[in-house]
Each structure stands twice: as C-alpha cells, then as structure tokens.
Amino acid sequence: MGSPPAPRSWRRSPRSRRSSRPSCSACRSRPRRPWSGSSRSRCTPSTSTPDAAADARSTPERARIARRYGDQLMAAAAVAYGLAAALATLGGPLALGVALLPGAFWIAYASDWLPNAGRAVRSIAPDGDLETGVRLPRLKEVPVLSSAVVAAGWGIAVTLLPLAFADAVSPTPVVVIAFAYFLLRSFVDAELPNVRDVEADAAAGVSTLPIVLGVARTRRVLYGVDLVTATTLAAATATGVLAPGIAAALGVGLAASLAVTALAGRVDDDAVLGVAPDCSYLVVAAALVVVAA
C-alpha cells in the first residue's frame, strides 16, 4: 500500500506552478531557488538592470511602455538596424562601416567593457601593484566624455554617410564645418536629457554634467557650446566655405537648440528635453528644403 497523499494545503495546482515562473528571460536563466510558498515572481524588468531602474524613476511612462512592449520594440529596432545595414551595403564597404558606427559607439558608451577590462588587468597584475578598490566606470558614467562619445558617433555618421554613397569622402572645409556643426549640436542634444534624469542618475550613482555643476550652470555651458557653433557658422560664411542660405538654414536649427536649452530646469514636464532636441533637426531639414527650392 502506497504512502498517504500529502495534505491538500500542500498541493500546488499546475496553474500555480506556471505562475511561479519568472516572467523575464534573464530571471529564467538564473538558478532556481527552492519554492518559498509564493506564486508571484519578484523580478520585474524595471529592476533587472541599473539603467532600467533609473529609467523607471526618471521617465516612468516610457519605462512602462518599454516593459510592456519590450520584445516587440527590440525586434523592431533589430529589423530597422538590419535594414539600414543592408541599404548601406549599396554604397560599398565604407558606407556600411559608417552606418554601423553609431551602434559600435553605443556599445562602447553603455556596456561594461571598461570595468571588465579593469578587473581583468587587476586579476593578472602582481599583488599590491594596482589599487584593488578602484573600479573603472562605464563611459556612460563619465561626465562630458559620455556625451562626447555619443556626439562623435552621430556626427561622423551624419556627415560621412552621404559622402560615402557619393564616393566623395575627403576632408574638405565644407566637410569639416558640417562635422563640427553636428558634433557640437549632438553634444548639446545628449546633455539635455541628463537634466531630465538628474534625480534618477544621482540615485543610481551616475555622474553627469548636471550633477557635477548643477542644472543652472549646465544650461550656461550648453549656451556656450551653441555659441561656439554659431561662431563656426559665421566664420564659415564669412570665408565663403558655406553659402549664406545653407548657413541660415543651419542657424534656424541652432536657434531651435537654444530655445530647447532655455527650457532646461524651467519646465514642469522634463520629458520634453528627451524629444525636443531631436525634433530640431526636422526644422533644419525644412529650412534646407526651402533654401534649395
């Protein structure tokens, strides 16, 4: 005769066993702990990484959408980037390399390659030669340099990709001015969301320009960057490098950038600082169309 069945209160239905499984793939890959009696997973996508947790604090609505449609958004991004790479092959190897450059810069910006490299060096160094308590930060965690990396990636791609398709890549004065314009503009565009995220970044221990200098001083620094951009456009126009119409169209985008920068720390809805900078390029495109007409 077999052993008596377990008490009813100890039995778990198939449904409760299914519901106890973690909902995210990262948690399913971890070793499972003995069942503690709770059928609810304690892991959520918003706390699976420090960056996701910071996003949930600074932009909760966007983080909620990312949690709900994370797989679909990731698939759409992969398809879009793959399509961009496929189209870039039509322009040759150089165009393909330039198209892939923003992704490479993003990996260098956000991944843990620098902290991992630091740990690897400390592991092979003789004892006492390196300070074991020092942790190398991610590029994302280094003020100014983080935004400079993002700006360089977009500045190179936007400037060189059309030239690669035209097989006309050369360091002419116009190319240098165009790169300087997009580099400086992209730096401002990368720093403005840091104003929006200042509280979340401080809680996560990420050092950014608004945390180091404060929002008001950061706003003045970005004004200074825009002033350098304006001076560059004025000098290029005065020396005949840029046509006055082209310089005026780029200046319209610069005026839009100044207007957005003026909102930093002065608007109740800081989410606008994550969208408005990119929209300023639509203003530039419209102005260029008018000039070319």
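Caption draft 1: Just the overall build of the chain, in detail. Of the regular secondary structure elements, the chain holds 14 helices and zero strands. Moving toward the C terminus, one meets the helices and strands of the chain in the order α-α-α-α-α-α-α-α-α-α-α-α-α-α. Buried positions account for 29% of the 293 residues belonging to the chain. Contacts spanning at least 24 positions in sequence make up 61% of the contacts within the chain whose residues lie at least 6 apart. As presented, the chain carries roughly 17,900 Å² of accessible surface, and 65% of it is formed by carbon and sulfur atoms.

Caption draft 2: Quick look at the pattern of salt bridges. Inspection of every chain in the model, using the stated rule, returns one salt bridge. Of the charged contacts in the structure, one is a salt bridge between Arg-196 and Asp-197, with a shortest N-O distance of 2.7 Å. Relative accessible area serves as the criterion here: at 12%, Arg-196 is assigned to the buried category. Note on Asp-197: relative accessible area 10%, which makes it buried.

Caption draft 3: Fine view of the confidence of the model for the chain. Mean pLDDT over the chain: 77, with 74% of residues reaching 70 or higher. For the chain, helix α1 (residues 14–19) is the element with the lowest average pLDDT, namely 45, and helix α12 (residues 215–238) is the one with the highest, namely 95. Low pLDDT (under 50) marks residues 8–48, which in the prediction has 27 contacts with non-local residues, meaning those over four places away or in another chain.

Caption draft 4: Spotlight on the packing of helix α13 (residues 244–261) against helix α14 (residues 272–292). Where α13 meets α14, the axes come as close as 8 Å, and the angle between the chain directions of the two elements is 160°. One way to sum up the angle between α13 and α14 is to call them roughly antiparallel. Considering the relative orientation of α13 and α14, their crossing is right-handed. Judged by residue contacts, Gly-245, Ile-246, Ala-249, Leu-250, Val-252, Gly-253, Ala-256 and Val-260 of α13 engage Leu-273, Ala-276, Pro-277, Ser-280, Val-283, Val-284, Ala-287, Leu-288 and Val-291 from α14. Its residues placed into classes, the contact of α13 with α14 shows 14 nonpolar, three polar and no charged.

Caption draft 5: Summary view of unusual backbone geometry. Here Val-144, not a glycine, exhibits a phi torsion of approximately 70°, which is positive. Here Val-144 lies in the loop between α7 (113–124) and α8 (145–165). With relative accessibility at 38%, the residue Val-144 sits in the partly exposed group. Residue Asp-167 is not a glycine yet carries a positive backbone phi of 55°. Examined against the element boundaries, Asp-167 turns out to sit in the loop between α8 and α9 (173–196).

Caption draft 6: The arrangement of the packing of aromatic side chains in detail. With the rule as written, the count across this model stands at two aromatic pairs. Aromatic pair Tyr-181 and Phe-182: ring centres 5.3 Å apart, planes at 80°, arrangement edge-to-face. For the ring pair Phe-182 and Tyr-281, a centre distance of 6.4 Å and an interplane angle of 25° mean the geometry is stacked. With Phe-182 in helix α9 and Tyr-281 in helix α14, this residue pair connects regions lying 99 residues apart in the sequence. Judged by relative accessible area, Tyr-281 falls into the partly exposed class, the value being 22%.

Caption draft 7: The arrangement of the nonpolar core in detail. Counting 12 residues, the largest nonpolar core is built from Ala-151, Leu-184, Phe-187, Val-188, Leu-192, Val-195, Leu-222, Val-225, Val-260, Ala-264, Leu-273 and Ala-276. Looking at this core, the elements that each hand over two or more residues are α9, α12 and α14. Among residues more than four places away in sequence, those in contact with Val-188 are Leu-222, Val-225, Asp-226, Ser-257 and Thr-261. The next biggest cluster of nonpolar side chains, apart from the first, holds nine residues, and it includes Ala-236, Leu-242, Leu-250 and Leu-254.

Caption draft 8: Highlighting the side chain of Thr-159. Structurally, the position occupied by Thr-159 is in helix α8. For Thr-159, the side chain forms a polar contact with the main-chain oxygen of Gly-155, separated by 2.7 Å.

Caption draft 9: A look at the environment of Gly-253. Tracing the sequence through the fold places Gly-253 in helix α13. C-alpha of Gly-253 to C-alpha of Ser-280: the two residues are 27 residues apart in sequence and 5.7 Å apart in space.

Rules of the game
Residues numbered from 1 in each chain as written. Predicted model: local features only at pLDDT ≥ 70, side-chain atom pairs only at ≥ 80, totals over all residues. Heavy atoms only, no water. Helix = DSSP H or I, 4+ residues; strand = E, 2+ residues; numbered from the N terminus. Buried < 20%, exposed > 50% of the residue type's maximum accessible area, 1.4 Å probe, protein only. Contact = heavy atoms within 4.5 Å. Areas by Shrake-Rupley, 256 points an atom, 1.4 Å probe, with all protein chains shown as cover. Salt bridge = Lys/Arg side-chain N within 4 Å of Asp/Glu carboxyl O. pLDDT = per-residue confidence, 0-100. Axes fitted to C-alpha atoms, helices over the stretch in contact; angles between N-to-C directions. Parallel < 35°, antiparallel > 145°, perpendicular 65-115°, else oblique. Left-handed = near helix turned anticlockwise from the far one by under 90°. Nonpolar A, V, L, I, M, F, W, Y, C, P; charged D, E, K, R; others polar. Phe/Tyr/Trp six-rings, centres within 6.5 Å; stacked < 30°, edge-to-face > 60°. Core = buried A, V, L, I, M, F, W, Y, C linked by side-chain atoms within 4.5 Å. Polar contact = N/O pair within 3.5 Å; in protein donor to acceptor, adjacent residues only side chain to side chain.

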